[in-house]
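Architecture at a glance
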Amino acid sequence: MDITQIRTFLAIAQTGSFIGAANVVNVTQSTVSVRMRTLEDELRVELFERGKRGAILTPAGQKFMRTATAMARLWDQAKLDIGVAEEQIASLRIGGQVSLWQGYLIPWLAWMSENNPNLALRAHMADPLQLVQQLVDGALDIAVMYRPQFRPGFIAKPIFTEEIILVSSIKNHDEPFDDNYMLTYWGPAFKEDHALNFPEQKAPRLTADLGTMAIDYLLERPSTGFFPRRIAEPYIESGNLIIVKEVPSFEYPAYLVYPDILDHDLMNRLLTGLKSVAKSLNLSFSNEKLV
């Protein structure tokens, strides 16, 4: 089995015919037939029913469809990972928690591009649990997130402390958790802290797992929600948002997490950049340690 057979199989499934697949993969119809006959022999199943209506996936073909799609994506990712330009000497796959990209990791990417011109960067966002799993699976080289789960063989370096505060676009707001409250998601730790501090709060009308983009909702409609201070601060200064007083804020250290086998000099350069950007944004440095 090779990737050309996989791509040919997917082309037949997409077009519904061997002729259509031949046009997609740019080979003759006879070549398509040979590839599928070889693939079916290797798998010992029939993948298509051939007839006047074209090529229709058999039950076995339908099951193989998911595997074939995953294999094609994995191959494309592998080519991307190793396809570093000649002037670049290494590739770094970076993962970041959704809430940390806007206003922090994006400026850091700019810092990285300027200070490490020979490094090819691949950026990705996900929630903390997914990031940890992708690190373990080797799909990422490093990740930046709040309070990561400790895993043997990995190092976690504290960067800064994120403060999550309750802000509102409603002036003189006395009932912050009324129908105008939007429950935002800032990771598992925030979810637990929110439940512990506000156990009697009823289910909100709106729950948003949109990262920092959700703050635009507060600007569109009078409402209230928890957001990182670094994101809310410009709107507070302009008078578009106010801080809701007498409601606790939450602090979460952000970490750089990476396997301990990675080059330590490179990791120190990355950490220097992360802290440099944090300092430029007036973010407080975390004193919490996790190794």
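Coordinates for the structure precede this section.
First, a word on what this report is: a plain description of the structure on this page. (Residues numbered from 1 in each chain as written. Predicted model: local features only at pLDDT ≥ 70, side-chain atom pairs only at ≥ 80, totals over all residues. Heavy atoms only, no water.)

Remarks on the overall build of the chain
Scanning the chain from terminus to terminus reveals ten helices and eleven strands. The C-alpha atoms of the chain give 25 Å as radius of gyration, which overshoots the globular expectation for 291 residues (19 Å, by more than 25%). Taken over the C-alpha atoms alone, the chain extends approximately 75 × 50 × 35 Å along its principal axes. Partitioning the intrachain contacts of the chain with sequence separation of at least 6 by distance along the chain shows that 71% fall at a separation of at least 24. Carbon and sulfur atoms make up 52% of the accessible area of the chain, which amounts to about 16200 Å² in all. Within the chain, the 34 negative side-chain charges are centred at a point lying 6 Å from the centre of the 28 positive side-chain charges. (Helix = DSSP H or I, 4+ residues; strand = E, 2+ residues; numbered from the N terminus. Rg over C-alpha atoms; globule rule 2.2 N^0.38 Å. Contact = heavy atoms within 4.5 Å. Areas by Shrake-Rupley, 256 points an atom, 1.4 Å probe, with all protein chains shown as cover. Lys, Arg positive; Asp, Glu negative; His and termini not counted. Charge placed at Lys NZ, Arg CZ, Asp CG, Glu CD.)

Some thoughts on helix H1 (residues 3–15)
In this model, H1 (13 residues) spans 18 Å end to end at C-alpha, consistent with the 18 Å of a helix rising 1.5 Å per residue. Within the sequence span of H1, burial applies to Gln-5, Ile-6, Thr-8, Phe-9, Leu-10, Ala-11 and Ile-12. Phi for Gly-16, located one or two positions after H1, is positive at around 80°. (Expected span 1.5 Å × (residues − 1). Buried < 20%, exposed > 50% of the residue type's maximum accessible area, 1.4 Å probe, protein only.)

Description of the packing of aromatic side chains
In the structure shown here, the tally under the stated rule is 13 aromatic pairs. For the pair Phe-226 and Phe-250, a centre-to-centre distance of 5.6 Å together with 55° between the ring planes defines the contact as tilted. A residue pair is termed long-range when its members are at least 10 positions apart, and Phe-226 in strand E9 (residues 224–228) and Phe-250 in strand E11 (residues 250–259) qualify at 24 residues. The pair Phe-226 / Phe-250 is uniform in exposure class, with both members buried. By way of ring pairs, the aromatic residues Phe-177, Tyr-181, Phe-190, Phe-198, Phe-226 and Phe-250 are connected into one cluster. (Phe/Tyr/Trp six-rings, centres within 6.5 Å; stacked < 30°, edge-to-face > 60°.)

Thoughts on the pattern of salt bridges
Applying the stated criterion across every chain, the model contains six salt bridges. For Arg-93, the salt bridge goes to Asp-141, with nearest N and O atoms at 3.0 Å. With a gap of 48 residues between them, Arg-93 in strand E3 (residues 90–97) and Asp-141 in the loop between helix H6 (128–137) and strand E5 (142–146) connect regions that are remote in the sequence. In this structure, Arg-229 engages Glu-233 in a salt bridge whose closest nitrogen and oxygen atoms are separated by 3.5 Å. Of this pair, Arg-229 and Glu-233 both sit in helix H9 (residues 229–238), separated by four residues, roughly a single helical turn. Residue classification places Arg-229 among the partly exposed positions, given a relative accessible area of 29%. Judged by relative accessible area, which is 25%, Glu-233 ranks as partly exposed. (Salt bridge = Lys/Arg side-chain N within 4 Å of Asp/Glu carboxyl O.)

A closer look at unusual backbone geometry
Its identity as a non-glycine residue notwithstanding, Asn-26 has a phi of 65°, on the positive side. With respect to the helices, strands and loops of the structure, Asn-26 is situated in the loop between helix H2 (18–25) and helix H3 (29–43). Taking relative accessible area as the criterion, Asn-26 reaches 70% and is therefore assigned exposed. One non-glycine residue, Arg-147, adopts positive backbone phi at about 35°. With respect to the helices and strands, the residue Arg-147 is situated in the loop between E5 and strand E6 (154–168). Accessibility expressed as a relative area gives 40% for Arg-147, which makes it partly exposed.

Notes on H6
Inspection of H6 places Pro-128, Leu-131, Val-132, Gln-134 and Leu-135 among the buried residues, and these make up the whole buried set. Seen along its axis, H6 keeps its buried residues to an arc of 165°; they face one direction. Between the side-chain oxygen at the start of H6 and the backbone nitrogen of Leu-129 there is a gap of 3.1 Å, and the oxygen is on Asp-127. Directly after H6, the chain includes Gly-138, whose backbone phi takes a positive value near 85°. (Arc of directions from axis to C-beta. Polar contact = N/O pair within 3.5 Å; in protein donor to acceptor, adjacent residues only side chain to side chain.)

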